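# Coordinate analysis (summary)
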Amino acid sequence: MRVVQAAGGAAITGSQPSTGRRYWLIALVVGVVGLGLDQAAKALAIANLDPAHPVPLLGGLVTLQLTRNSGAAFSMGEGFTVVFTVVAIAALVAVVVWALPRLRHLGWAVTAGLLLAGISGNLTDRLLREPGPFQGHVVDFIQLPYFAIFNVADICITAAAVLVVWLSMIAKVNLDGTRATDRAEAADG
């Protein structure tokens with residue numbers, strides 16, 4: 001049972017789940033769906049796009065341009081594919097081991113799921129695609145004018161980053177569902 005001090009001093013009680021199982025389940029579902037969408041989109045891109053003939057859409061606002069990226073964002077660090085793979089594994093483990101057990105908020109569960117989808121989508125490429133394990137090239141195929149070519153996993157990671165900023169700085173909600181102001185008031189009171 002959680003007691004929250006409301007405006008005017010009245011105490012409001014409400015039940016809070018004793019376990020975050022439903023939240024990590026939401027995160028896992030979002031992660032698996034995102035990973036599936038990412039890998040399906042990449043398979044379609046490989047099967048249907050010719051790297052030499054990009055496909056402009058929406059008057060050129062979006063172009064489907066198949067590339068294989070051994071580096072990170074904007075193709076930086078192309079000689080460090082193994083390092084990026086190890087970092088991705090560490091990030092995936094951190095989300096699963098550190099973040100998922102602490103989840104008690106729907107927004108953070110969706111954020112964690114998007115991170116799982118994005119990290120695992122590009123990690124799958126690095127582990128399973130040519131030229132081989134830990135050196136595989138990430139399939140990218142969505143291009144905006146004056147921007148890097150990216151994929152669905154990258155969209156998931158970017159959406160997660162936006163949600164992290166929103167939840168932590170604007171909504172001021174912690175992973176456990178408490179508000180940062182609640183903790184400050186509890187420490188003062």
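Now for a quick tour of the structure. Bear in mind the structure is a predicted one, so any value in this text is a computation, not a measurement.

Glancing now at a nonpolar patch on the surface. Together, Trp24, Leu25, Leu28, Val29, Val33 and Leu37 make up a nonpolar patch on the protein surface, roughly 520 Å² of accessible area in all. Mapped onto the elements of the fold, Leu37 is located in helix H1 (residues 21-48). Here Leu37 falls in the exposed class, since its relative accessible area comes to 53%.

In this chain, Glu130 is followed by Pro131 through a cis amide linkage whose omega measures 15°. Secondary-structure assignment places Pro131 in the loop between helix H3 (106-128) and strand S5 (138-143). Not every positive phi belongs to a glycine, and Phe134 is a case in point at roughly 70°. Here Phe134 lies in the loop between H3 and S5. For Tyr146, which is not glycine, the phi dihedral falls at a positive 60°.

With that settled, the discussion passes to the nonpolar core. Judged by nonpolar contacts, the single largest core of 15 residues is most densely connected at Ala27, Val95, Leu100, Leu103, Trp108 and Ala112. For this core, the element with the highest residue contribution is H3, accounting for six residues. Contact partners of Trp108, with chain neighbours within four places excluded, come to Leu103, Val164, Leu167, Ser168, Val173, Asn174 and Leu175. Counting residues in hydrophobic clusters, the runner-up holds 14 residues, among them Ala45, Leu114, Phe150 and Cys156.

Bringing the pattern of salt bridges into the picture now. Taken as a whole and assessed by the stated rule, the structure comprises three salt bridges. Lys42 serves as the salt-bridge partner of Asp38, at 2.9 Å between the closest nitrogen and oxygen. Here Lys42 and Asp38 lie together in helix H1, a separation of four residues that amounts to about one turn. By the burial criterion, Asp38 is buried, and Lys42 matches it. Asp125 is the partner of Arg129 in a salt bridge, and the nearest nitrogen-oxygen pair spans 2.9 Å. Judged by its relative accessible area of 0%, Asp125 is buried. What emerges from the salt-bridge pattern is a single network uniting Asp38, Lys42, Asp125 and Arg129.

Attention shifts here to the side chain of Asp140. In this structure, Asp140 sits in strand S5. With no salt bridge to any partner, buried Asp140 finds its closest opposite charge in Lys42, at an N-O distance of 6.2 Å. For Asp140, the side chain forms a polar contact with the side chain of Asn69, separated by 3.5 Å. At 2.8 Å, the side chain of Asp140 and the side chain of Asn151 are in polar contact. Filtering out sequence-adjacent residues up to four positions away, Asp140 remains in contact with Gln65, Leu66, Thr67, Asn69, Ile149, Phe150, Asn151 and Asp154.

The subject of this paragraph is the pairing of S5. Of all six residues making up S5, five are buried, and the element is well covered by its neighbours. Pairing of strand S4 (residues 62-69) with S5, which is carried by five bridges, proceeds in the antiparallel orientation. Residue pairing across strands places Arg68 opposite Val139, the latter belonging to S5. Sheet topology note: the S5/strand S6 (residues 149-150) ladder contains two bridges and is antiparallel. Considered in S6, the bridge of Gln143 is made with Ile149. What sits between S5 and S6 in their antiparallel hairpin is a turn of five residues, with Tyr146 showing a positive phi close to 60°.

Definitions and cut-offs
Residues numbered from 1 in each chain as written. Predicted model: local features only at pLDDT ≥ 70, side-chain atom pairs only at ≥ 80, totals over all residues. Heavy atoms only, no water. Patch = residues over 30% accessible without salt bridge, like charges linked within 9 Å, V, L, I, M, F, W, Y side chains within 5 Å. Areas by Shrake-Rupley, 256 points an atom, 1.4 Å probe, with all protein chains shown as cover. Salt bridge = Lys/Arg side-chain N within 4 Å of Asp/Glu carboxyl O. Helix = DSSP H or I, 4+ residues; strand = E, 2+ residues; numbered from the N terminus. Buried < 20%, exposed > 50% of the residue type's maximum accessible area, 1.4 Å probe, protein only. Core = buried A, V, L, I, M, F, W, Y, C linked by side-chain atoms within 4.5 Å. Contact = heavy atoms within 4.5 Å. Lys, Arg positive; Asp, Glu negative; His and termini not counted. Polar contact = N/O pair within 3.5 Å; in protein donor to acceptor, adjacent residues only side chain to side chain. Pairing = 2+ DSSP bridges.

Any link to function would need more than the numbers given here.
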